[in-house]
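Each chain, written out:
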Amino acid sequence: MFKKYPNDVLAANDFNVKIRQGEFVYVIGPSGAGKSTFIKMMYREERPTSGEIKVNDYELQKIKNSEIPFLRRELGIVFQDFKLLPKLTIFENIAYALQVIEKDSETVTARVNYVLDLVGLKDKVNAFPNELSGGEQQRISIARAIANKPEVVIADEPTGNLDPDTAAGIMEILERINGEGTTVVMATHNSQIVDQYKHRVLEIEGGKIVRDQTEGGFFQDE
Ligand code: ADP
Ligand code: ADP
């Protein structure tokens, strides 16, 4: 699979990767390597220039724009900058993600409470995003991402703006979700995390996959 941007930057040069259900995969590499492009192609924010991408049962190079929302409902997407809606409470932020798939209000409330409990922030249900710390906002964004019970969680630098303790808290949540069978694909610069919580490492450099290692460290020789 190849991805060339209109400015001729080759952000994915001959990618050939298979990620199995239940895996935890780190996507690492220097800034500009192509990590975000890879992540964005998984949820069809970017399209490959040639080749195929299959996520769950969607052949992303073939699906129509109208099918994208259905694809994304099966994915939980976590961003470095959280992307919570500032005018909605925490309850509403999570419920909003659920209501697009038309659940009754009792189911929605139960599910919101369940995922808030999972990330340890039940007491923040009526708060607004700007009343929470960065780490708390990221836990909320993970709660929102998993509210629909996605098979795959995709995270682009989820610990990017967080201090080490807070980042560890985020990892504990992702580990738990992964332990329950959810696939996790996470782009990161955080060498400490990659070395501490060992998983498959996919290293990208200049748009090429230069390493694909089971239980790898951040650096090749670890
Ligand atoms: P990373 O996430 O590893 O920092 P990116 O996937 O963001 O890398 O970028 C890979 C390369 O593609 C970089 O050279 C970047 O400048 C380029 N790039 C990313 N997005 C675009 C875009 N929308 N248009 C043109 N070039 C882009
Ligand atoms: P990230 O790496 O988290 O995607 P960036 O700051 O690299 O964040 O990119 C922000 C936005 O700008 C993204 O939508 C990306 O696709 C786009 N972008 C990145 N690099 C380029 C580039 N060289 N030319 C045009 N757009 C770019």
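The name an unreviewed UniProt entry assigns to the chain is Cell division ATP-binding protein FtsE, from the organism Liquorilactobacillus hordei DSM 19519. Taken directly from UniProt, the Subcellular location (unreviewed entry) text for the chain runs: "Cell membrane". Listed in UniProt under the heading Function (unreviewed entry), the comment for the chain reads: "Part of the ABC transporter FtsEX involved in cellular division. Has ATPase activity. Essential for cell division and viability."

## Thoughts on the nonpolar core
In summary, soluble globular proteins display a tendency toward joint burial of nonpolar side chains. Core analysis: the biggest nonpolar cluster contains 42 residues, and Tyr26, Ile94, Leu174 and Met186 have the highest contact counts within it. Listed by contribution, the elements that provide at least two residues to this core are strand 3 (24-28), helix 3 (90-99), helix 4 (105-118), helix 5 (134-146), strand 7 (152-156), helix 6 (164-179), strand 8 (183-187) and helix 7 (191-196). In terms of residues, this core owes the most to one element, helix 6, which gives 6 residues. Counting 27 residues, the second largest nonpolar core, distinct from the first, contains Phe15, Ala33, Phe38 and Met41.

## Section: the site of ligand 1
What surrounds ligand 1 is the set Tyr5, Asn7, Val9, Ala11, Pro30, Ser31, Gly32, Ala33, Gly34, Lys35, Ser36 and Thr37. Asparagine 7 places a polar side-chain atom, nitrogen or oxygen, 3.2 Å from a nitrogen atom of ligand 1. Contact distances for ligand 1 include 3.0 Å between an oxygen atom and a backbone N or O atom of glycine 34. Burial of ligand 1 by the protein amounts to 65% of the accessible area it has alone, namely 550 Å². Broken down by element, the shell around ligand 1 gets its largest block of residues, 3 residues, from helix 1 (residues 35-42). Looking at the shell around ligand 1 residue by residue, the class counts come to 5 nonpolar, 6 polar and 1 charged.

## Regarding the site of ligand 2
Around ligand 2, the neighbouring residues are Asn7, Ser36 and Lys40. With respect to ligand 2, the side chain of lysine 40 contributes an N or O atom lying 2.9 Å from an oxygen atom.

## Some points on the packing of aromatic side chains
The final tally for this structure, using the stated rule, is 4 aromatic pairs. Their ring planes at 55° and their centres at 5.2 Å tell us that phenylalanine 24 and tyrosine 26 sit as a pair that is tilted. Relative accessible area serves as the criterion here: at 4%, phenylalanine 24 is assigned to the buried category. Relative accessible area serves as the criterion here: at 0%, tyrosine 26 is assigned to the buried category. Taken together, a centroid distance of 5.0 Å and an interplanar angle of 80° make the contact between phenylalanine 218 and phenylalanine 219 edge-to-face. On the basis of relative accessible area, phenylalanine 218 is assigned to the buried category, the value being 16%. You can call phenylalanine 219 partly exposed: its relative accessible area is 47%. Positioned over the ring face of phenylalanine 79 is lysine 83, at 5.1 Å from the centre of the ring.

## As for the packing of helix 3 against helix 5
Where helix 3 meets helix 5, the axes come as close as 8 Å, and the angle between the chain directions of the two elements is 30°. Taken together, the axis directions place helix 3 and helix 5 in an arrangement best described as roughly parallel. Like other packed secondary-structure pairs, helix 3 and helix 5 cross with a definite hand, here right-handed. Residue-level contacts link Ile90, Asn93, Ile94 and Ala97 of helix 3 to Ile140, Ala143 and Arg144 of helix 5.

## Concerning the pairing of strand 9 (residues 199-205)
The two faces of the sheet receive side chains in turn, since in a regular strand these alternate between them. Within strand 9, 6 of the 7 residues are buried, which leaves the element mostly enclosed by the surrounding structure. By the bridge criterion, 4 bridges tie strand 3 to strand 9 in an arrangement that is parallel. Of the residues in strand 9, the one forming a bridge with valine 25 is arginine 200. Bridging between strand 9 and strand 10 (residues 208-216) involves 6 bridges; their strand directions are antiparallel.

Quick notes on the rules
- Residues numbered from 1 in each chain as written.
- Chains lettered and ligands numbered in written order.
- Predicted model: local features only at pLDDT ≥ 70, side-chain atom pairs only at ≥ 80, totals over all residues.
- Heavy atoms only, no water.
- UniProt positions renumbered as here; feature names shortened; annotations may be inferred.
- Core = buried A, V, L, I, M, F, W, Y, C linked by side-chain atoms within 4.5 Å.
- Buried < 20%, exposed > 50% of the residue type's maximum accessible area, 1.4 Å probe, protein only.
- Helix = DSSP H or I, 4+ residues; strand = E, 2+ residues; numbered from the N terminus.
- Near = heavy atom within 4 Å.
- Polar contact = N/O pair within 3.5 Å; in protein donor to acceptor, adjacent residues only side chain to side chain.
- Areas by Shrake-Rupley, 256 points an atom, 1.4 Å probe, with all protein chains shown as cover.
- Nonpolar A, V, L, I, M, F, W, Y, C, P; charged D, E, K, R; others polar.
- Phe/Tyr/Trp six-rings, centres within 6.5 Å; stacked < 30°, edge-to-face > 60°.
- Lys NZ or Arg CZ within 6 Å of the ring centre and 35° of its normal.
- Axes fitted to C-alpha atoms, helices over the stretch in contact; angles between N-to-C directions.
- Parallel < 35°, antiparallel > 145°, perpendicular 65-115°, else oblique.
- Left-handed = near helix turned anticlockwise from the far one by under 90°.
- Contact = heavy atoms within 4.5 Å.
- Pairing = 2+ DSSP bridges.

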